[in-house]
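Survey of secondary and tertiary structure
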Amino acid sequence: MRSKAPLLPFVLALLVQPAALAGPLSERLQAHLRNPRLDAAEWGVQVVSLDSGRVIFEQNAGHYFVPASNAKLFTCALALCALGPDRRIRTSVLAAAPPSPEGVLRGDVIFFGRGDPMLLGRWQGGPSRPDPLEDLAAQVAAAGVKVVEGDLVGDDSFFTTLPYGSGWEAADRD
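If you're wondering where the values come from, they're calculated on a predicted model, not measured in any experiment.

Secondary structure assignment for the chain yields 4 helices and 7 strands. For the chain, the α and β elements follow one another from N to C terminus as α-α-β-β-α-β-β-β-α-β-β. Here the chain holds 174 residues, and the buried ones make up 17% of them.

Below, the structure is given as C-alpha cells:
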C-alpha cells in the first residue's frame, strides 16, 4: 500500500504565506507536485493573492475533475461550519386532500425534497439507523393512509439549478 503525503500541513502552510513569497512558494509547490509518491495523482491548483488578485501559481487550473472523496470531505466540513451540527434537512410529505375515513388517499402523494443526503438509493444503515424511506412511509401511514389511488411523486422544484455541474455527464452524479 502506498503511503499518502501529509498534505494538510502543506495546505495550511500555504494559507499563511505572504504574497511577497510568490517565487519561492511557486517553486515549493512545483517541487511538492513532482514528488514521486504523488505520481498517480491528478492536480488542479490555482493560488491567487488575496491582496492583489494576481495568480501566483497554477497547474491544470481549468481542467475538469470528477469529484472524489476528499472533495466531499471539504464540502461536508463547509456545510457543518455554515449550517451547524444540529441542522436537519426536511423532506415534506404532501397530498391535496386527507385520506377518507377508510384510509384511501385519492390523489398523488408528493415527496417535496430539499436535498436530504440520507435519501440516497444506497442506504447502508443498521438497526440503530432506520432506512429514511421507511420513516417517510411510516409518516404516511401515521396520517391514516392505507391505500393510495394516485402516484408517488418526487418533487425537486426546491432546486432551481441543474442537478449536476456544467460539463458533467448525468452518470457523473453517482
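This paragraph deals with the packing of aromatic side chains. By the definition in use, this model includes 2 aromatic pairs. Measuring from ring centre to ring centre gives 6.3 Å for Phe112 and Phe158, while their planes differ by 90 degrees; the resulting arrangement is edge-to-face. Of this pair, Phe112 sits in strand 5 (residues 109-112) while Phe158 sits in the segment after strand 7 (152-155), and the two are 46 residues apart along the sequence. The class of Phe112 is buried, set by a relative accessible area of 17%. A relative accessible area of 44% means that Phe158 is categorised as partly exposed. Between Phe158 and Phe159 the ring centres are 5.3 Å apart and the planes differ by 90 degrees, which places this aromatic pair in the edge-to-face class. What makes Phe159 partly exposed here is its relative accessible area of 42%. Put simply, the rings of Phe112, Phe158 and Phe159 pair up and form one aromatic cluster.

Let us now look at helix 4 (residues 132-142). Residues of helix 4 that are buried include every one of Pro132, Leu136 and Val140, and no others. In an axial view of helix 4, the angular spread of the buried residues amounts to 95 degrees, which keeps them on one side of the axis. Along helix 4, exposed side chains directed more than 90 degrees from the buried face belong to Glu134 and Ala142. In this structure, the buried residues of helix 4 make contact with strand 3 (92-94) and strand 5. The first or second residue beyond helix 4 is Gly144, which carries a positive phi of 95 degrees.

We now examine the pairing of strand 1 (residues 45-48). On strand 1, burial follows the alternation: Val45 and Val47 on one face are buried, whereas Gln46 and Val48 on the facing-out side are not. The antiparallel hairpin formed by strand 1 and strand 2 (residues 55-59) contains 6 residues in its connecting segment, where Gly53 sits at a positive phi of about 80 degrees.

Alignment of strand 3 against strand 5, held across 3 bridges, turns out to be antiparallel. Counted as the bridge partner of Leu94 is Ile110 from strand 5. Bridging between strand 5 and strand 7 involves 4 bridges; their strand directions are parallel. In the strand pairing of strand 7, Ile110 is matched with Val153.

Calculation notes
- Residues numbered from 1 in each chain as written.
- Predicted model: local features only at pLDDT ≥ 70, side-chain atom pairs only at ≥ 80, totals over all residues.
- Heavy atoms only, no water.
- Helix = DSSP H or I, 4+ residues; strand = E, 2+ residues; numbered from the N terminus.
- Buried < 20%, exposed > 50% of the residue type's maximum accessible area, 1.4 Å probe, protein only.
- Phe/Tyr/Trp six-rings, centres within 6.5 Å; stacked < 30°, edge-to-face > 60°.
- Arc of directions from axis to C-beta.
- Contact = heavy atoms within 4.5 Å.
- Pairing = 2+ DSSP bridges.

Just geometry here; none of it tells us what the structure is for.
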